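Residue-level listing of the chains:
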Amino acid sequence: MSNKNLPQHVIDAFWQRWGNNNFMRAQGLEVDVVGVGEAVVRLPQVMATQRGGGGSDTVLNGGVIAYMFDGALGCAIASSLLARPEMRGIDPQRLRQSTINLDISYVDAASGDHFQARGKVVRASRNIAFAEGELLDARGHTCATAKGIWRIFWPRDAAPGQP
């Protein structure tokens, strides 16, 4: 995990809650939080089963791209929530979020052997967060863009003054 403006407690809380994600690992994806409210999901090597976009055996499947965006934007939101002062003293395992909407524009064929989805928080309030991102191929070319909305679920028994 990179450490651009990330306090150690945020890094520790992120990895405790989201860093060991079997769901992403099953697709061969790697997560990196690069700053508060910024995350990258990398696909270092495309598997044959992840191809088939547009009926082509050389293009990354759109479902894999959606999967990467959900992870990148969601992890960006998680990092911004974990950095909030009111998170101090709250077990990060008890913080939940759920995707409400994920809108993806596939702007070019995603051809190549590795990709990264970059996510960035646009705004995060107490109960809802907005994020955006882009999928880049190995040359840094944008293949898709995304924007999404997430619902935040704070622990019900948070201390007074906390959400």
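Keep in mind that what you see is a predicted model, and the values were worked out from it rather than measured. (Residues numbered from 1 in each chain as written. Predicted model: local features only at pLDDT ≥ 70, side-chain atom pairs only at ≥ 80, totals over all residues. Heavy atoms only, no water.)

## Description of the overall build of the chain
Logical step 1: Within the chain, the regular secondary structure consists of three helices and six strands.
Logical step 2: Secondary structure elements of the chain occur, N-terminal to C-terminal, as α-α-β-β-α-β-β-β-β.
Logical step 3: The long-range fraction of contacts in the chain, counting pairs at least 24 apart against all pairs at least 6 apart in sequence, stands at 67%.
Logical step 4: Entry remark: accessible area of the chain is about 8,200 Å², with carbon and sulfur atoms responsible for 48%. (Helix = DSSP H or I, 4+ residues; strand = E, 2+ residues; numbered from the N terminus. Contact = heavy atoms within 4.5 Å. Areas by Shrake-Rupley, 256 points an atom, 1.4 Å probe, with all protein chains shown as cover.)

## Topic: the environment of I152
Logical step 1: Position of I152 relative to the elements: it lies in strand β6 (residues 142-153).
Logical step 2: Taking the C-alpha atoms as reference points, I152 and I77, separated by 75 residues in sequence, lie 9.4 Å from one another.
Logical step 3: With sequence-adjacent residues up to four places away left out, I152 is seen in contact with I77, L81, L95, R96, Q97, R126, N127, I128 and A129.

## Overview of the environment of P92
Logical step 1: By secondary structure assignment, the location of P92 is in the loop between α3 (62-82) and β3 (96-106).
Logical step 2: Considered as a pair, P92 and L82 are ten residues apart in the sequence and their alpha carbons are 7.5 Å apart.

## Looking at α3
Logical step 1: Taking 1.5 Å of rise per residue, 21 residues should cover 30 Å, and α3 covers 30 Å from first to last C-alpha, within 8% of that figure.
Logical step 2: Here α3 lies mainly inside the structure; 17 of its 21 residues are buried.
Logical step 3: The N-cap residue of α3 is N61: its side-chain oxygen and the backbone nitrogen of G63 are 2.6 Å apart. (Expected span 1.5 Å × (residues − 1). Buried < 20%, exposed > 50% of the residue type's maximum accessible area, 1.4 Å probe, protein only. Polar contact = N/O pair within 3.5 Å; in protein donor to acceptor, adjacent residues only side chain to side chain.)

## Considering the sheet that holds β3
Logical step 1: Strands sit in the order β1-β2-β4-β5-β6-β3 across an open sheet of six strands; the sheet is antiparallel. Of all the strands in the sheet, just β1 (30-35) and β3 have a single pairing partner and so form its edges. Shown here is a sheet whose adjacent strand axes are inclined to one another by a mean of 20°, direction ignored.
Logical step 2: Bridge analysis of β1 against strand β2 (residues 38-43) gives five bridges, and the strand direction is antiparallel. Bridging across to β2, D32 finds its partner in V40. (Pairing = 2+ DSSP bridges. Axes fitted to C-alpha atoms, helices over the stretch in contact; angles between N-to-C directions.)

Shape is all these values report; function is a separate question.
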